[in-house]
Amino acid sequence: MPGLRPNAVSRAGLIDTSIRSGQRVVGLTAPAGYGKSSLLTQWAHRDTRAVLWISLDRWDDDPLSLLTVIASAFAGLDGTGHDLPRDMVTAGPSMLGRAAPRLASAIAGIDTPFVLLLDDLQEVRSTACHDVLALVLGAIPAGSQVVIASRSEQPHLPRLRAEGRALEIVADDLTLDVEGARQIFAASQVVVTPDTLEAVTDRTEGWPAGIYLAALIAGHDAGDAAMMSGADPYVADYLQREAYLRLPAEMRRFLRRTALLEQVSAPLCDAVLGGQDAKRMLRRVEGSSLFLIPLDRHREWFRYHALFREFLLGELMTREPGLSDDLRVRAADWYEAHDLPRRAVEMLLPTPHRDRCVRLITRIVMTSVQSGRIATVDRWLHALGDAAIAGYPPLAVLAGYVAAYQGHATAAEHWGSIVDRSSFDGAGLDGSASYASAQAMFRALRCPEGPDRMLADTRLAMASEKPLSVWRDTAHALGGDAALLDGDVPAATRHFRSAIAAAHDVGHGDTLIFSEAQLAQLEMDGGRWEGARTRIQRAVDAVARHRMEDYPPSALAFAAAARLALHDGDLASAQQHLRSGMRVRVFCTYAFPSLAVRARLHLARTSWAIGDHVTVRHLLREIDDVLERRPNLGTLGEEVTALRERLDSGPDRAGPGTPPLSPAELRLLPYLQTYLTIREIAERLYVSRNTASTEIGSIYRKLGVTSRGAAVRRAIARGLLGD
């Protein structure tokens with residue numbers, strides 16, 4: 001957190017009133033320059049409770065980043081656990097359904113009173129971030145508070161305001177009177193008359209930053225502070241310019257050219273400006289009190305105050321409009337050289353250097369997806385646009401994988417059609433041996449032409465991806481799947497074993513889980529239960545280790561674990577694993593049809609064994625939906641027919657019980673934890689309000705409840721939300 005500035009105007013009255021209010025959420029909303037961060041800093045040093053501080057920036061505009069940084073603040077506090085940040089790393093689509101409830105539960109259980117000070121909320125813009133934040137805010141226990149500062153309206157406040165559950169501090173509460181102005185001038189060691197103080201306060205309307213800038217100007221000429229024109233509609237720009245123009249030319253140039261950087265350090269500034277004196281310049285800027293805020297205790301990283309940075313960016317666009325792209329490219333060069341590719345991407349996205357940006361994103365898509373940053377990847381791909389992605393076929397392949405991981409079958413099909421009709425002769429940056437190999441693997445995943453073509457595609461990929469390839473495990477895993485569809489169990493076994501060895505080499509949890517689960521089912525089919533037990537344990541451990549509870553391959557692991565538990569006579573564990581598998585099936589679509597059908601088939605067989613025929617029929621209907629899109633899935637079709645005949649010939653054709661939540665209902669379920677309206681939920685899911693309303697009604701009926709709160713509690717108890 002920032003250090004306490006000496007001689008700062010005291011906000012003790014506001015702070016003490018807020019603490020006494022007992023409100024768990026305090027909203028501090030005002031434009032730039034009203035001293036929000038200063039108030040938070042004073043609060044941090046005044047409060048006797050445990051103090052947690054978070055300064056947000058635009059890198060946190062991603063639900064994974066936001067939850068991780070909040071979890072990091074709480075890690076280790078009163079038994080929340082140092083592993084809490086790692087627990088946030090799950091698949092992007094599951095942030096609201098799994099990671100956010102996990103964090104909320106941990107926070108709700110904290111016994112030690114705390115105050116969480118959250119600065120610069122305006123940097124977080126995505127609705128996904130505000131949805132998970134609202135869930136966290138609802139978990140703040142009695143006796144603790146979260147204080148949130150933002151330059152713009154805070155989305156959670158209108159509801160809390162209407163319910164009388166929040167205290168708000170706004171710009172009018174933060175304006176300064178003449179006494180406050182006197183303290184600022186005194187801290188700047190500027191002597192002015194009472195009339196000048198009154199004039200400055202009046203003409204700035206008590207705006208703290210305006211008074212501070214006036215004091216800087218008056219430090220050069222006391223008369224200038226009183227000369228400010230109250231009729232000037234752009235007082236902020238006027239004051240900034242007056243302070244800025246009094247600086248030496250080299251410092252002005254340094255400031256405006258480094259304003260493109262979210263955070264500045266001497267090495268980064270030297271790289272961007274092509275100089276070697278950035279450290280000296282930063283010390284001079286810091287010594288001039290020009291809104292330079294240190295970000296670490298060693299004073300190596302800084303950021304400009306948002307208001308001053310905006311002014312500097314305006315100066316750059318006015319005086320050197322053609323320079324910004326070159327500066328961004330140099331910054332991207334430095335970020336890449338220092339292994340910060342995500343920041344390099346953010347620097348390049350606003351520039352015309354689309355080709356370089358496309359190639360950089362191609363390099364890091366899969367590692368970003370594996371680490372749970374699907375929302376960030378989505379934003380990058382959206383910013384690039386379909387034309388740019390399609391223009392570089394290796395990235396189109398990866399865009400298809402991202403869609404498949406999220407269960408977005410239509411999008412995966414779109415990219416599949418582009419990939420299939422594209423060609424690419426250059427060296428790809430995705431780590432694959434060739435575009436032909438990458439193309440073949442993605443087509444094999446989708447299996448649009450049946451097992452024969454899938455076998456041919458996987459043979460090509462397995463022959464192409466050499467032992468050191470990061471795609472070798474994928475090639476062999478898909479090869480094993482193709483062999484199973486063809487009925488060749490020995491070949492499938494060989495390929496899955498090769499996939500496991502390659503997955504260990506590159507640390508890929510998804511192919512490890514997929515292949516171990518497939519081999520476990522084959523072991524159980526052959527009556528080798530102990531061998532299956534070992535493989536299932538490896539698969540389930542990998543799910544937990546890689547935090548892949550909501551990645552499609554995990555459905556196979558949970559289905560295998562349920563079958564083994566039932567064999568062991570452990571009905572409770574079998575039902576628990578079945579619930580986990582049913583939950584993750586929402587991401588198993590015809591984008592990866594063999595997995596979607598096989599996972600549901602395994603879940604249905606175990607459900608049949610425990611007498612849940614209603615769930616079996618429901619799963620068979622979902623399988624039919626997949627087969628309608630992918631009718632040729634080899635031996636899987638025969639297995640589905642056999643199960644259907646067995647069900648139809650059974651003694652209880654209808655069967656008691658309640659159908660499980662459908663994939664569409666499971667996608668909607670996490671939003672019932674929020675205070676979003678039905679219309680807002682529909683907008684999040686890109687469906688009509690009537691569709692959302694119908695699905696909510698169906699959820700209530702299936703869970704046997706009549707309200708949101710009861711639905712959430714029942715869903716948590718059944719393992720459909722949270723852990």
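Residues numbered from 1 in each chain as written. Predicted model: local features only at pLDDT ≥ 70, side-chain atom pairs only at ≥ 80, totals over all residues. Heavy atoms only, no water.

## What about the overall build of the protein chain?
Note the following rule: Secondary structure elements follow DSSP: runs of H or I of four or more residues count as helices, runs of E of two or more count as strands, with numbering from the N terminus. The globule rule used for comparison is 2.2 Å times the number of residues to the exponent 0.38, while the radius of gyration itself is calculated over C-alpha atoms. Relative accessibility decides the category of a residue: with a 1.4 Å probe and only protein chains considered, values under 20% of the type maximum give buried, values over 50% give exposed, and everything between is partly exposed. In this description, contact between two residues means that some pair of their heavy atoms is separated by no more than 4.5 Å. Only the protein chains shown count as covering a residue, and every accessible area follows the Shrake-Rupley method with a 1.4 Å probe. Under this rule, positive means Lys or Arg and negative means Asp or Glu; His and the chain ends count for nothing. Each charge is placed at NZ for Lys, CZ for Arg, CG for Asp and CD for Glu.
Counting its regular elements, the protein chain contains 39 helices and eight strands. Radius of gyration (C-alpha) of the protein chain: 29 Å, near the 27 Å computed for a compact globule of 723 residues. Summarising its shape, the C-alpha atoms of the protein chain cover approximately 95 × 60 × 45 Å along the three principal directions. Among the 723 residues that make up the protein chain, the fraction classed as buried is 55%. By sequence separation, contacts in the protein chain at least 24 residues apart represent 71% of the contacts at least 6 residues apart. Counting every atom, the protein chain has about 29,600 Å² of accessible surface; 50% of that belongs to carbon and sulfur. Averaging the locations of the 82 positively and 87 negatively charged side chains of the protein chain gives two centres separated by 2 Å.

## Some words on the pattern of salt bridges
Rules: By definition, a salt bridge exists where a carboxyl oxygen of Asp or Glu is found within 4 Å of a side-chain nitrogen of Lys or Arg.
In total, this model carries 45 salt bridges according to the counting rule given. Here Arg159 and Glu163 are joined by a salt bridge, their closest N and O atoms 3.8 Å apart. Note that Glu449 and Arg453 form a salt bridge whose closest N and O atoms lie 3.2 Å from each other. Glu449 sits in the partly exposed class, given a relative accessible area of 46%. Residues joined in a network through salt bridges with shared partners are Asp420, Arg443, Arg446, Glu449, Arg453 and Asp457.

## Things to note about the nonpolar core
Our working rule: Throughout, nonpolar core names a set of buried Ala, Val, Leu, Ile, Met, Phe, Trp, Tyr and Cys residues whose side chains join them through atoms within 4.5 Å.
Formed by 195 residues in total, the largest nonpolar core has its most connected members in Phe74 and Leu395. In terms of residue count, helix H23 (residues 393–406) provides more of this core than any other element does, ten residues in total. Ranked by size, the runner-up nonpolar core spans 19 residues in total, among them Leu39, Ala149, Ile169 and Leu174.

## Notes on unusual backbone geometry
The phi dihedral of Asp120 is positive, around 65°, even though this residue is not glycine. Within the secondary structure, Asp120 sits in the loop between strand S3 (114–119) and helix H6 (127–137). The buried category is assigned to Asp120, whose relative accessible area is 11%. Residue Asp339 is not a glycine yet carries a positive backbone phi of 60°. Among the secondary structure elements, Asp339 is positioned in the loop between helix H18 (324–337) and helix H19 (341–348). Look at Asp339 and you get exposed, because its relative accessible area is 65%.

## Observations regarding the packing of helix H15 (residues 266–273) against helix H16 (residues 278–287)
Put simply, the test is: Interaxial angle, 0 to 180 degrees, is taken between N-to-C directions of lines fitted to C-alpha atoms, where a helix line uses only the stretch in contact. Working rule for handedness: look at the near helix, and if it is turned counterclockwise from the far one by less than a right angle, call the crossing left-handed; if clockwise, right-handed.
Where H15 meets H16, the axes come as close as 8 Å, and the angle between the chain directions of the two elements is 115°. Here H15 and H16 pass one another in a crossing that is right-handed. Contacts between H15 and H16 pair Ala266, Cys269 and Asp270 from the former with Ala278, Lys279 and Leu282 from the latter.

## Let's talk about helix H9 (residues 178–187)
Defined as follows: Regarding the arc, it is the one traced by the directions from the helix axis to the C-beta atoms.
Of all the residues in H9, the buried ones are Gly180, Ala181, Ile184 and Phe185. Down the axis of H9, the buried set is contained in an arc of 135°. They therefore lie on one face. Trailing H9 by a residue or two, Gln189 shows a phi angle of about 60°, which is positive.

## Section: the sheet that holds strand S6 (residues 264–265)
Condition: At least two bridges found by DSSP between two strands is the condition for calling them paired.
The sheet built from three strands is open, its strands ordered S6-S8-S7 with antiparallel pairing. One side of each edge strand has no neighbouring strand; the edge strands of this open sheet are S6 and strand S7 (292–294). Inspection of the sheet shows S6 paired to strand S8 (residues 301–304) by two bridges, in the antiparallel sense. Each bridged residue has a counterpart across the sheet, and for Val264 the counterpart in S8 is Phe302. Relative to S8, H16 is tilted by about 50°, and along the sheet it contacts S6, S7 and S8.

## Digging into the environment of Ala520
Relative to the elements of secondary structure, Ala520 occurs in helix H29 (residues 509–525). Overall, the relative accessible area of 0% leaves Ala520 in the buried class. Sequence separation between Ala520 and Ile536 is 16 residues; the distance between their C-alpha atoms is 6.1 Å. Leave out the neighbours within four places in its chain, and Ala520 touches Ala532, Arg535, Ile536 and Ala560.

## Quick notes on the sheet that holds strand S2 (residues 50–55)
Read across the open sheet, the five strands follow the order S2-S3-S4-S1-S5; overall the sheet is parallel. The strands lining the two open edges of the sheet, one partner per strand, are S2 and strand S5 (166–170). On average, each strand axis in the sheet is inclined to that of its neighbour by 15°, with strand direction left out of account. Bridge analysis of S2 against S3 gives six bridges, and the strand direction is parallel. The residue of S3 that forms the bridge with Ser55 is Asp119. The strands that helix H2 (residues 36–46) touches are strand S1 (25–29), S2, S3 and strand S4 (145–150); relative to S3, the one it contacts most, it runs at about 160°.

## Some remarks on the packing of H15 against H18
Using the following cut-off: Angular relationships are summarised with four words: roughly parallel below 35 degrees, roughly antiparallel beyond 145, roughly perpendicular across 65 to 115, and oblique for the angles in between. Asp, Glu, Lys and Arg are counted as charged, while Ala, Val, Leu, Ile, Met, Phe, Trp, Tyr, Cys and Pro are counted as nonpolar; the rest, among them Gly, fall into the polar class.
Two elements in contact, H15 and H18, have axes separated by 8 Å at closest approach and are oriented at 135°. Between H15 and H18, the interaxial angle falls into the category oblique. Judged by the twist between their axes, the crossing of H15 over H18 is right-handed. Seen from H15, the contacting residues are Pro267, Leu268, Ala271, Val272 and Leu273; seen from H18, they are Leu327, Arg330, Ala331, Trp334 and Tyr335. Across the contact of H15 with H18, the residue classes break down as nine nonpolar, no polar and one charged.

## Considerations on the confidence of the model for the protein chain
Keep this limit in mind: The pLDDT value tells you how sure the predictor is about a given residue, anywhere from 0 up to 100.
Per-residue pLDDT for the protein chain has a mean of 89; in total, 93% of the residues score no lower than 70. Confidence drops under a pLDDT of 50 for residues 225–234, and excluding neighbours within four residues, the segment shows 17 contacts in the predicted structure.

## Thoughts on the environment of Thr175
By secondary structure assignment, the location of Thr175 is in the loop between helix H8 (171–174) and H9. On the accessibility criterion, Thr175 (30% relative accessible area) is partly exposed. Taking C-alpha positions, Thr175 is 9.5 Å from Thr204, a pair spaced 29 residues apart along the chain. For Thr175, the contacting residues outside a window of four places in its chain are Arg11, Tyr34, Glu205 and Gly206.

## Concerning the state of the cysteines
As a reminder of what qualifies: Working definition: a disulfide is two cysteine sulfur atoms within 2.5 Å of each other.
Evaluation of the coordinates by the stated rule reveals zero disulfides. A disulfide-free cysteine, Cys588 has its sulfur positioned 16 Å from the sulfur of Cys447, the nearest such atom. By relative accessible area, Cys588 is classed as buried at 3%.

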